[in-house]
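Commentary on secondary and tertiary structure
Letter by letter, the chains look like this.
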Amino acid sequence: MRTATLAYGATSSTAPLGPLTIERRAPGDLDVAIDILYCGVCHSDLHTARGEWGGTQYPSVPGHEIVGRVTATGALVSKFQVGDLVGVGCMVDSCQHCQPCGDGLEQYCENGFTGTYNGPEQGTGANTFGGYSAQIVVRENFVLKITHDAGSLAAVAPLLCAGITTYSPLRQWSAGPGKKVGIVGLGGLGHMGVKIARAMGAHVVLFTTSADKRDDALRLGAHEVVVSKNADEMAAHANSFDLIVNTVAAPHNLDAFLALLTLDGTMTLVGAPGSPHPAPNVFSLIMKRRRLAGSLIGGIRETQEMLDFCAQHGIVSDIETIRMDEINDAYERMLKSDVRYRFVIDMGTLQTTP
Ligand code: NAP
Ligand code: ZN
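Now for a look at the structure at hand. From a predicted model like this one, the values you see are computed outputs, not experimental measurements.

**Observations concerning the pattern of salt bridges**
Considering all chains together, one arrives at 18 salt bridges under this definition. Two residues, Asp31 and Arg25, come together in a salt bridge whose shortest N-O distance is 2.8 Å. A residue is classified by how much of its surface remains accessible, and Arg25, at 26% relative accessible area, is partly exposed. Two residues, Arg333 and Asp338, come together in a salt bridge whose shortest N-O distance is 3.0 Å. Several salt bridges share partner residues, and in doing so they unite Lys195, Asp212, Asp216, Arg219, Asp318 and Arg340 into one network.

**Details of the site of ligand 1**
Taken together, 30 residues form the shell around ligand 1, and within it Thr208, Thr209, Ser210, Lys213 and Arg342 come nearest. Contacts to ligand 1 include Arg342, whose side-chain N or O atom sits 2.6 Å from an oxygen atom. Contributions of two or more residues to the shell around ligand 1 are made by helix H1 (43-49) and helix H5 (188-200). Considering each element in turn, the shell around ligand 1 owes the most residues, three residues, to H1. Residue composition of the shell around ligand 1, grouped by class: 14 nonpolar, 14 polar and two charged.

**What to know about the side chain of Thr247**
Residue position: Thr247 is located in the loop between strand E13 (241-246) and helix H8 (255-258). In terms of polar contacts, Thr247 uses its side chain to reach the backbone carbonyl oxygen of Val184, at 2.7 Å. Apart from residues lying up to four places away in sequence, Thr247 is in contact with Ile183, Val184, Gly185, Leu189, Gly190, Val270 and Gly271.

Conventions adopted
Throughout, a residue's number is its position along its own chain's written sequence, starting from 1. Think of it this way: whatever chain is written first is A, whatever ligand is written first is 1, and the rest follow in order. In keeping with the predicted nature of the model, local features appear solely for residues at pLDDT of at least 70, side-chain atom pairs appear and are counted solely at 80 or more, and the whole-chain, interface and lining totals rest on all residues. Hydrogens and waters are ignored; side-chain quantities use all the structure's heavy atoms. Here a salt bridge means any side-chain nitrogen of Lys or Arg lying within 4 Å of a carboxyl oxygen belonging to Asp or Glu. Relative accessibility under 20% of the residue-type maximum defines a buried residue, over 50% an exposed one, and the middle range a partly exposed one, all with a 1.4 Å probe and only protein chains included. For this description, a residue counts as near a given molecule or strand if any of its non-hydrogen atoms is within 4 Å of it. Any pair of nitrogen or oxygen atoms within 3.5 Å is treated as a polar contact; in protein, a donor-acceptor pairing is required on top of that, and neighbouring residues in sequence qualify only through side-chain atoms on both sides. In this text, helices come from DSSP runs of H or I with a minimum length of four residues, and strands from runs of E with a minimum of two, each type numbered from the N-terminal end. Note on residue categories: nonpolar means Ala, Val, Leu, Ile, Met, Phe, Trp, Tyr, Cys or Pro, charged means Asp, Glu, Lys or Arg, and polar means any other residue, Gly included. Between two residues, a contact is recorded if the distance between any of their heavy atoms is within 4.5 Å.

In structure tokens, the structure reads:
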């Protein structure tokens, strides 16, 4: 039996988001049913709702930074109980039998993981609907435990995507003491990257196009801030970075950042613009054996590790809480880089939205 659930989403790439009714499956033996309390607003939500990556199924209900309370558990669920505070990130399922799934790298599932929104659901192929909704039903293996105190729940939500998407490459490329790490873009992902890289012990430099974010970047944990439009400030860091994590959501000149990497340094792209970056100059790479890499969110085991790491280090997101019906304005502000530093929807406001 399926349950009608209130949600908010887009019916086409050009339509603003508005109220919708969707259906959720009844929890199966391995499922957890969750009342959604808060949902973060990721730039990927906007890319998807507006069809910027292609392949969006409509209606589209975005939202993959979900925190909420368990309301029911299937007969075989062992890790969660009714009443637990839990999180759900960018994935709700995967094949569970390929090599990457076995290695805890479900985001690289060879048979395709199931996104929290814009599916396809394993088995049925049905479209999935995300966290801009009152409830969600998720397979136990894709539900995360929240160990932060309950009072910071809204600010924990963005860890489920922005947190893990920066934590994973920082771990993969060994950010830590003695390493010089750059974070490009001070938005949702970037501000989490700054906090996490600092907590890992790296020397952190934040690159921004918005000079007025300088003080915030230092407060958030950056040791230095570079306004990337300023060629002299950029040149002062030439050939010096072990790792740069680039979170920018728009096409831009990658050579300007590749030139800042040291011998064998790596720039990892996590930002996913709707249209390509200009191709980098080959000489930017070959002259110092530099690497240009990419990274996709993080596996479930690593997401739990990140949540526990953030709880231990007192890390949450800096958020602006919005009502559900403010989402279209929030998207416009996000496009202007005017978010300090993550919008989080109070899902209690969904019920009262006309
Ligand atoms: P966001 O909050 O909008 O932040 C992006 C930041 O990029 C902006 O705050 C701005 O920072 C900078 N920026 C924007 N336009 C720019 C331009 N034209 N030139 C230079 N810098 C610009 O977005 P987000 O939620 O952090 O997401 C960032 C990107 O990561 C999106 O494309 C999203 O889809 C992608 N993403 C990827 C993954 C993954 O697994 N790889 C996961 C989640 C999200 P400044 O003002 O400081 O310059
Ligand atoms: Zn996201």
